[in-house]
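Listed below, chain by chain, are the residues.
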Amino acid sequence: MPLVSNKVTTIERHIIEQQERSNGATGDFSALLRDLTLAFKIINREVGQAGLVDALGATGNVNIQGEIVQKLDAFANTVIYRAMDHGGHLCGMASEEDEGILEIPPHYKRGKYVLLFDPLDGSSNIDVNVSIGTIFSILRRVTPGDGPGTLQDFLQPGFKQVAAGYTIYGPSTMLVYTAGRGVYGFTYDPSVGEFILSHDEIRIPEHGTIYSVNEGNYHKWDERVQRYIDWAKSDDPAHNKKAYSLRYIGSMVADIHRTLLYGGVFLYPADIKSYKGKLRLLYEANPMSFVVEQAGGRARDGGQRVLEIIPEQLHQRTPLIVGSPKNVEEVERFLTL
Ligand code: AHM
Ligand code: MG
């Protein structure tokens, strides 16, 4: 009987194979991603024990977004910085938890990339054992030389991202990433300590029947958004449409991960309180939009493509409508009425 080979691919092998296919690859980028996965494994270990140890609850510090920082956020933030500061691949980092650029210590070599990250997104869900995630975005530096990265290196539009992705800490832990050549998902096997390729070349369904939004904000939205939501949850026999289902976890990584696999739309629109929306362009909207677009989806801010927004500030916010191309177009039709 011939041997049947069921190839087991770790993320490390996958990245190397991808690099070999792209011309001029130096291996620098593979090493960078490898360092990042180590940070994710450490965060995963800690998240998995959150209910056991006294790691729950707010530290009491207020971050620059005016939110209470929880212990695991602070932990994840430090883990990523420490895993990435000495690899020689980065000339700077920026985190949703820190106000300014995080510099590479002067005694370490600096490299040609910058890393932006949201160490633990959806942190209000930590205490109730609901999925949370880490989001990352990698850009190539644009300033010449090998000095510290400057704001210019970070404030690049999303279409310039070299790679982006997220790790979701859920019933199983998964890492989903794109380097601009499709989207790949890896499930963590804790028994061997490896992320194993489980979702090859992810494609988002063209259309889905789920909408995902914090509907508690309904009365704060523009009436065009209200009209879309009214339509989304109604039957529309003229278009052979049944009411969509609402699913909202309140962890963007989890809500968008479901949207990626099942289809539909995730929205965080602007409202009268947050007139630019809630989500951060550089740490949340850009990386998630890059992943979704690479899987065949669509990501808009209500007027333009998210990945084409020219950032002006590290912590700038943006409205976000992301998901299956047809669903996002449905929302856009209501927005232009
Ligand atoms: P965080 O970065 O402080 O965790 O906030 C971002 C989170 C997203 O994960 C989620 O989509 C959104 O906030 C939920 O906000 P709301 O509670 O307003 O629905
Ligand atoms: Mg966040």
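Residues numbered from 1 in each chain as written. Chains lettered and ligands numbered in written order. Predicted model: local features only at pLDDT ≥ 70, side-chain atom pairs only at ≥ 80, totals over all residues. Heavy atoms only, no water.

Student: Please clarify how the packing of helix α1 (residues 11-21) against helix α2 (residues 28-48) should be interpreted in this entry.
Tutor: For any two helices packed against each other, the geometry is given by the interaxial angle and the distance between the axes. Close contact between α1 and α2 brings their axes to 10 Å; oriented N to C, the two are set at 160 degrees. In terms of their interaxial angle, α1 and α2 are classed as roughly antiparallel. Two packed elements cross with a definite hand, and for α1 against α2 that hand is right-handed. Across the interface between the two elements, Ile11, Glu12, Ile15 and Gln19 from α1 touch Phe29, Ser30, Leu33, Arg34 and Thr37 from α2. Looking at side-chain class alone, the contact of α1 with α2 contains four nonpolar, three polar and two charged residues. (Axes fitted to C-alpha atoms, helices over the stretch in contact; angles between N-to-C directions. Helix = DSSP H or I, 4+ residues; strand = E, 2+ residues; numbered from the N terminus. Parallel < 35°, antiparallel > 145°, perpendicular 65-115°, else oblique. Left-handed = near helix turned anticlockwise from the far one by under 90°. Contact = heavy atoms within 4.5 Å. Nonpolar A, V, L, I, M, F, W, Y, C, P; charged D, E, K, R; others polar.)

Student: In this structure, what is going on with the coordination of the magnesium ion (ligand 2)? I would like to understand it.
Tutor: Put simply, the ideal angle at a metal is 109.5 degrees for four donors in tetrahedral geometry and 90 or 180 degrees for six donors in octahedral geometry. Around the magnesium ion (ligand 2), the protein supplies Glu96 (OE), Asp118 (OD), Asp121 (OD) and Glu284 (OE) as donor atoms, at distances of 1.9 to 2.6 Å. Ordering the donors of the magnesium ion (ligand 2) by residue number gives the pattern E-x21-D-x2-D-x162-E. Judged by relative accessible area, Asp118 falls into the buried class, the value being 1%. According to the relative accessible area criterion, Asp121 is buried, its value standing at 7%. (Donors = N, O, S within 2.8 Å, 3.2 Å for Na, K, Ca; no water. Buried < 20%, exposed > 50% of the residue type's maximum accessible area, 1.4 Å probe, protein only.)

Student: Is there a simple way to think about unusual backbone geometry in this case?
Tutor: A negative phi angle characterises most non-glycine residues, just as the trans form characterises most peptide bonds. Phi at Asn129 is positive, roughly 60 degrees, even though this residue is not glycine. If you trace the backbone, Asn129 turns up in the loop between β4 (113-121) and β5 (132-140). Exposure remark for Asn129: the relative accessible area of 73% places this residue in the exposed category. Phi at Asn240 takes a positive value of approximately 55 degrees, unusual for a residue other than glycine. Within the secondary structure, Asn240 is located in the loop between α5 (223-232) and β11 (245-246). With a relative accessible area of 74%, Asn240 lands in the exposed category.

Student: Where do I start with the environment of Thr78 in this structure?
Tutor: Of note, Thr78 is situated in helix α3 (residues 71-84). Considered as a pair, Thr78 and Ala39 are 39 residues apart in the sequence and their alpha carbons are 9.5 Å apart. A polar contact of 2.9 Å, which involves the side chain of Thr78, links it to the backbone oxygen of Ala74. (Polar contact = N/O pair within 3.5 Å; in protein donor to acceptor, adjacent residues only side chain to side chain.)

Student: Would you take a moment to explain the site of ligand 1 for this structure?
Tutor: Taken together, 16 residues surround ligand 1, and among them Asp121, Gly122, Tyr248, Met252 and Tyr268 come closest. Burial of ligand 1 by the protein amounts to 85% of the accessible area it has alone, namely 470 Å². Breaking the shell around ligand 1 down by element, the ones donating at least two residues are β4 and β12 (265-268). Looking at the shell around ligand 1, you find at least three residues from each of domain 1 (11-199) and domain 2 (210-335). (Near = heavy atom within 4 Å. Areas by Shrake-Rupley, 256 points an atom, 1.4 Å probe, with all protein chains shown as cover. Domains from an automatic or database assignment.)

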